[in-house]
Amino acid sequence: MVSGNKRGLFMDSKPENLQKNWLREFYQVVHTHKPHFMALHCQEFGGKNYEASMSHVDKFVKELLSSDAMKEYNRARVYLDENYKSQEHFTALGSFYFLHESLKNIYQFDFKAKKYRKVAGKEIYSDTLESTPMLEKEKFPQDYFPECKWSRKGFIRTRWCIADCAFDLVNIHLFHDASNLVAWETSPSVYSGIRHKALGYVLDRIIDQRFEKVSYFVFGDFNFRLDSKSVVETLCTKATMQTVRAADTNEVVKLIFRESDNDRKVMLQLEKKLFDYFNQEVFRDNNGTALLEFDKELSVFKDRLYELDISFPPSYPYSEDARQGEQYMNTRCPAWCDRILMSPSAKELVLRSESEEKVVTYDHIGPNVCMGDHKPVFLAFRIMPGAGKPHARVHKCCVVQ
């Protein structure tokens, strides 16, 4: 399972350069882990100017489906939300699913007919996904994030059955922090509360009474941020703060944190879209694990969502300069935005399937290579034959069409 925000791949004047990097690193993960079933969830597919990027999107999809690295995957399903003219529905989400030729009897759920259907061939669905019965797609209502006049945030859900294991795969994109200054004001921030509301809605939606309950994996760009107030207070413990206000409105436009001694050296400058900390190494040292204590947003869902231990550095916001694969941009505080989460029953499926060899990996892709402003993350695990047998009578995977 792979998740990656693709906005950066289509922002460059020559996006094919970044795409080559991205695909090369992605193929390396495929080669290393040799998955039989692979799910790739993309957000902001096509970048900010979707219409102008359409040819690059088509080229990217074609490359994925026809490359030598993927030649052993003889079945695929691609769901691209390309309905960019509809503000009411457009999410810019893209979900890709690849099935290895050795994998037998794979089924996908038809939400309209409420039946599993055998998967054959390669198919691409785009434009109006609302009419596709093999998925559910929703965009969050406008009032979820009133500051954002035009948002693409939402989710796409598909359901699969492999070897008597039925599970939902949910591609999700939650709301970002619109202002570093606003995020800094309270703990937890107002944006954190908005994300909690949206994620809670998705979880309630995928376990409601319309369909039988199955295990689920939710992965995408959650936009989870570190607790800004706590992070700043920790990074600038011995600093003094200077407040800069706009002359006409008296609104706070900048916060400057200076060391109390050492010639009043500037440690941090904070603006709406500026987080300029003087020492980026704190976000990279030991994969940034010292900052994990400030990664608190998932704790609200501790009884509903599980995550493997994070051992990779914050996945956002990386420099989009092709020469700076490890450098963060100074626009936001680095954070683990891209995640792969699972339900309690999915956790049992993953961990129960472990044997003596290490078969579960949770990591990021392209640590030293520019992949756009987000580093993709992936989860690789093995489902042992019959692992889902106790649930077979519930999801009736043996009754398919």
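Thresholds applied
Here the residue numbers are simple positions, counted from 1 along each chain's written sequence. The model is predicted, so local features are restricted to residues of pLDDT at least 70 and side-chain atom pairs to those at 80 or more, both for listing and for counting; the totals for chains, interfaces and linings are taken over all residues. Where side-chain values are given, they derive from all heavy atoms of the structure, hydrogens and water being excluded. Note on conventions: DSSP H or I runs of at least 4 residues are helices, E runs of at least 2 residues are strands, and numbering of each starts at the N terminus. Remark: exposure states derive from per-residue accessible area (1.4 Å probe, protein chains only) relative to the maximum for the residue type, with buried under 20%, exposed over 50%, and partly exposed in between. We call two residues in contact whenever any of their non-hydrogen atoms come within 4.5 Å of each other. Residues scored as positive are Lys and Arg, those scored as negative are Asp and Glu, and His as well as the terminal groups of each chain are ignored. A charge is said to be at NZ when it belongs to Lys, at CZ for Arg, at CG for Asp and at CD for Glu. Whenever a nitrogen or oxygen atom comes within 3.5 Å of another N or O atom, the pair is scored as a polar contact, on the condition that within protein one atom can donate a hydrogen and the other can accept it, and that pairs from neighbouring residues in sequence are kept only if both atoms are in side chains. When DSSP finds two or more bridges between a pair of strands, those strands are recorded as paired. All axes here are fitted lines through C-alpha atoms, helices being fitted over the stretch that makes contact, and every angle between N-to-C directions spans 0 to 180 degrees. A pair of cysteine sulfur atoms is labelled a disulfide when the two atoms are within 2.5 Å. To define a nonpolar core, start from buried Ala, Val, Leu, Ile, Met, Phe, Trp, Tyr and Cys residues and group those joined through side-chain atoms within 4.5 Å. Scored between 0 and 100, pLDDT is the confidence that the predictor attaches to each residue. Think of a 1 Å grid over just the protein atoms. A cavity is a set of points where a 1.4 Å probe fits yet cannot get out, a pocket is an open set with protein on both sides within 12 Å along at least five of seven lines, and lining residues have an atom within 4 Å of a point. Grid points are joined across faces, edges and corners, and a volume is the space filled by probe spheres set on the points. Under the scheme applied, nonpolar residues are Ala, Val, Leu, Ile, Met, Phe, Trp, Tyr, Cys and Pro; charged residues are Asp, Glu, Lys and Arg; polar residues are all the others, including Gly. When two rings of Phe, Tyr or Trp (its six-membered ring) have centres within 6.5 Å they constitute a pair, described as stacked for plane angles under 30 degrees, edge-to-face for angles over 60, and tilted for the intermediate range. As a reminder, the over-ring test applies to NZ of lysine and CZ of arginine, requiring each to be within 6 Å of the ring centre and within 35 degrees of the ring normal.

### Some words on the overall build of the chain
Part 1 of the argument: Looking only at helices and strands, one finds eight helices and 18 strands in the chain.
Part 2 of the argument: Projected onto its principal axes, the C-alpha positions of the chain cover 70 × 45 × 40 Å.
Part 3 of the argument: Sorting the 401 residues of the chain into buried and exposed places 56% on the buried side.
Part 4 of the argument: Considering only contacts in the chain between residues 6 or more positions apart, those separated by 24 or more positions represent 69%.
Part 5 of the argument: With 57 positive and 56 negative side-chain charges, the chain shows a separation of 4 Å between the mean positions of the two kinds.

### Regarding helix H5 (residues 228–235)
Part 1 of the argument: Those residues of H5 that fall on the buried side of the exposure criterion are Ser 228, Ser 230, Val 231, Val 232 and Leu 235.
Part 2 of the argument: Looking at the packing, one finds that the buried side of H5 touches helix H3 (180–185), strand E13 (252–259), strand E14 (266–271), strand E15 (274–277) and helix H6 (281–284).

### Describing the side chain of Arg 157
Part 1 of the argument: Topologically, Arg 157 is positioned in strand E9 (residues 154–162).
Part 2 of the argument: Owing to a relative accessible area of 1%, Arg 157 belongs among the buried residues under this scheme.
Part 3 of the argument: Within the local environment of Arg 157, its side chain forms a polar contact with the side chain of Asp 168, the two groups lying 3.0 Å apart.
Part 4 of the argument: Here the side chain of Arg 157 touches Ile 206 through a polar contact of 3.2 Å, landing on its backbone oxygen.
Part 5 of the argument: The contacts of Arg 157, once residues within four sequence positions are left out, are Phe 111, Met 134, Leu 135, Glu 136, Asp 168, Leu 169, Val 170, Arg 205, Ile 206, Arg 210 and Phe 211.

### Topic: the environment of Leu 64
Part 1 of the argument: Structurally, Leu 64 can be placed in helix H2 (residues 50–66).
Part 2 of the argument: Counting along the chain gives 32 residues from Leu 64 to Phe 96, while the straight-line C-alpha distance between them is 9.4 Å.
Part 3 of the argument: Every residue in contact with Leu 64, bar those within four places of it in the chain, is listed here: Leu 23, Phe 26, Tyr 27, Leu 40, Met 70, Phe 96 and Phe 98.

### Quick notes on the sheet that holds strand E2 (residues 37–43)
Part 1 of the argument: Spatial ordering of the open sheet is given by E7-E3-E4-E2-E1-E18-E17, a layout of seven strands whose pairing is mixed. Edge positions in the open sheet fall to strand E7 (122–125) and strand E17 (361–364), since each of these has one partner strand only. The average angle at which neighbouring strand axes cross in this sheet is 10 degrees, direction not considered.
Part 2 of the argument: Pairing analysis gives four bridges linking strand E1 (residues 2–5) to E2, with the strands arranged parallel. Bridge pairing in E2 places Ser 3 opposite His 41.

### Observations concerning the side chain of Asp 110
Part 1 of the argument: Here Asp 110 shows up in strand E5 (residues 106–110).
Part 2 of the argument: A polar contact is formed between the side chain of Asp 110 and the backbone nitrogen of Lys 112, at a distance of 2.9 Å.
Part 3 of the argument: Once residues lying within four places of it in the same chain are set aside, the contact partners of Asp 110 are Lys 115, Arg 117, Pro 133 and Met 134.

### Regarding the state of the cysteines
Part 1 of the argument: Per the stated rule, a full pass over the model turns up zero disulfides.
Part 2 of the argument: Its sulfur unpaired, Cys 333 is 9.7 Å from the next cysteine sulfur, which belongs to Cys 337.

### Some details on the nonpolar core
As a rule of thumb, soluble globular proteins bury nonpolar side chains together.
Part 1 of the argument: Within the largest apolar cluster, 59 residues are counted, with the highest numbers of intra-cluster contacts made by Phe 37, Trp 160, Leu 169, Phe 217 and Phe 275.
Part 2 of the argument: Among all residues touching Phe 217, those that are not within four sequence positions of it are Met 1, Phe 167, Asp 168, Leu 169, Val 170, Leu 341, Met 342, Ala 346, Val 350 and Phe 381.
Part 3 of the argument: Among the nonpolar cores identified, the runner-up in size contains 36 residues, and Phe 26, Tyr 27, Leu 40 and Val 61 belong to it.

### Section: the confidence of the model for the chain
Part 1 of the argument: When pLDDT is averaged along the chain, the result is 90; 92% of the residues meet or exceed 70.
Part 2 of the argument: Ranking the elements of the chain by mean pLDDT puts helix H8 (residues 392–395) last, at 43, and strand E16 (residues 338–342) first, at 98.
Part 3 of the argument: In this model, residues 391–401 is a region of pLDDT below 50 whose contacts with residues beyond four sequence positions or in other chains number 24 contacts.

### Description of empty space enclosed by the protein
Part 1 of the argument: Under the counting rule described, the total for this entry stands at two cavities of 30 Å³ or more.
Part 2 of the argument: Within this model, the largest cavity holds a volume of roughly 50 Å³.
Part 3 of the argument: The wall of the largest cavity is formed by Asp 177, Asn 180, Arg 225, Leu 226, Ser 228, Arg 332 and Cys 333.
Part 4 of the argument: For the lining of the largest cavity, the class distribution of residues is two nonpolar, two polar and three charged.
Part 5 of the argument: In this structure, the second largest cavity is lined by Asn 180, Ala 183, Ser 228, Val 232, Leu 270, Phe 275 and Cys 333.
Part 6 of the argument: For the lining of the second largest cavity, the elements supplying multiple residues, two or more each, are H3 and H5.
Part 7 of the argument: A per-class count over the lining of the second largest cavity returns five nonpolar, two polar and no charged.

### Considerations on the packing of aromatic side chains
Part 1 of the argument: This model, assessed by the stated rule, comprises 30 aromatic pairs.
Part 2 of the argument: Ring centres of Tyr 73 and Phe 98 lie 6.5 Å apart, and the angle between their planes is 75 degrees; on these two criteria the pair is classed as edge-to-face. Taken as a pair, Tyr 73 in the loop between H2 and strand E3 (75–80) and Phe 98 in strand E4 (residues 94–99) lie far apart in primary sequence, 25 residues in all. Phe 98 matches Tyr 73 in its accessibility class, with the two residues each being buried.
Part 3 of the argument: The ring centre of Tyr 306 lies 4.4 Å from the NZ or CZ of Lys 347, which sits over that ring.

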